[in-house]
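Examining the three-dimensional arrangement
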Amino acid sequence: MFKVGVMITGLLLLAGCSSIQKVVQQPLPYHNKLQLRDISSVDMIVIHCTELPTLELSREFGETVHYKSGTGNSGHYYIDKDGVVYQYVADNRVANHVRGHNEHSIGIEIINNGRYPDWYTTGSQQNVEAYTPQQVHSVIKLVHRLSEQYPSIRNIAGHQELDQSLMPSSDDPNIKIRRKVDPGPLFPWAQLMSTVELSKR
Ligand SMILES: [Zn+2]
């Protein structure tokens, strides 16, 4: 009886473990130059798509230095097409992923073409690539885990809601286009919001 009990407990533990999301830790080269913050100041998750077709290109972009501080632009998390989650920046550091809201948010980047490769031409302003079921599953799981881990997180937003600035298109300066359109209309907000207790901004 005892052995059976131990076995059952072991199986239950295993089953429990498999529901814990594996996150591959891959800190950016300039990671330690990113500003530290009190994690209780984080109140929002921002959903992005990379507007790049692969994790490799997204990593390359993330590693590129844009600022005098020796840092660049990236999210905290990246979700590849197969649903595997990578962490480039620790939750307690400020990543540069959304103008005006970096200090108090965590950025989740989903690998998806967006408008790639003609981001700013008038004819390519529609996001047409669907998110994979594995990506949707992983993003929901990650949002759950973060909002449970950090009770200060109350809001969630798409990058496109937080940055509505316009810019001249690259092929016709008289036509203004949105600087940011991610994660776009194909992101399953209804599916995500039906499972979390966060306010959508
Ligand atoms: Zn974005």
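Right above here is the structure, for reference.
These lines cover the structure that appears in this document, whether it is placed above or below. (Residues numbered from 1 in each chain as written. Predicted model: local features only at pLDDT ≥ 70, side-chain atom pairs only at ≥ 80, totals over all residues.)

1. Re the overall build of the chain
Selection criterion: Comment: elements are numbered from the N terminus, with helices defined as DSSP H or I runs of at least four residues and strands as E runs of at least two. Put plainly, a residue is buried at 20 or more neighbouring C-beta atoms within 10 Å of its own, exposed at 12 or fewer, and partly exposed in between, counting only other residues' C-beta atoms, which are placed from the backbone. C-beta atoms are placed from the backbone for every residue, and two residues are taken to be in contact when these atoms lie within 7 Å.
Within the chain, the regular secondary structure consists of five helices and nine strands. Of the regular secondary structure in the chain, the N- to C-terminal order runs α-β-β-α-β-β-β-α-β-α-β-β-α-β. Along the first, second and third principal axes, the C-alpha atoms of the chain reach 80 × 35 × 30 Å. The buried share among the 201 residues of the chain stands at 29%. Once local pairs closer than 6 in sequence are excluded, the contacts in the chain between residues at least 24 apart make up 74%.

2. Description of the environment of Arg-37
Structurally, Arg-37 can be placed in the loop between strand 1 (23-25) and strand 2 (44-49). On a C-alpha basis, the gap between Arg-37 and Asn-92 in space is 5.3 Å, while along the polypeptide they are 55 residues apart. If sequence neighbours within four positions are ignored, Arg-37 has contacts with Asn-92, Arg-93, Val-94 and Glu-103.

3. Side note on the sheet that holds strand 6 (residues 155-158)
Put simply, the test is: Should DSSP find at least two bridges between two strands, the strands are taken to pair.
In spatial order, the strands read 1-4-3-5-2-6-9; together these seven strands make up an open sheet with mixed pairing. Each end of this open sheet is capped by a strand with a single partner; those strands are strand 1 and strand 9 (199-200). Sheet analysis places strand 2 next to strand 5 (residues 105-110), joined by six bridges and oriented parallel. Across the sheet, Ile-45 pairs through a bridge with Ile-106, a residue of strand 5.

4. Here's the deal with the pairing of strand 2
Within strand 2, six of the six residues are buried, which leaves it mostly tucked inside the rest of the structure. Burial along strand 2 is two-sided: Met-44, Val-46 and His-48 and Ile-45, Ile-47 and Cys-49, pointing in opposite directions, are all buried. Here four bridges tie strand 2 to strand 6, and the two strands are oriented parallel to one another. Residue pairing across strands places Met-44 opposite Asn-155, the latter belonging to strand 6.

5. Observations regarding the nonpolar core
Put simply, the test is: Note on terminology: a nonpolar core is a set of buried residues of type Ala, Val, Leu, Ile, Met, Phe, Trp, Tyr or Cys, with members joined through C-beta atoms within 7 Å.
Grouped together as the largest cluster of nonpolar side chains are 29 residues, with contacts concentrated most on Ile-45, Ile-79, Ile-108 and Ile-110. Listing elements by their share of this core, those giving two or more residues are strand 2, strand 3 (77-79), strand 5 and helix 3 (133-149). In terms of residues, this core owes the most to one element, strand 2, which gives five residues. Ignoring anything within four residues of it in the chain, the contact list for Ile-79 reads Val-85, Ile-108, Ile-110, Ile-111, Gln-135, Ser-138 and Val-139.

6. Observations regarding the environment of Met-167
Within the secondary structure, Met-167 is located in strand 7 (residues 166-168). You can call Met-167 exposed: it has 12 C-beta atoms within 10 Å. With 83 residues separating them along the chain, Met-167 and Val-84 place their C-alpha atoms 34 Å apart. In contact with Met-167, other than residues within four places in its own chain, are Lys-176, Ile-177 and Arg-179.

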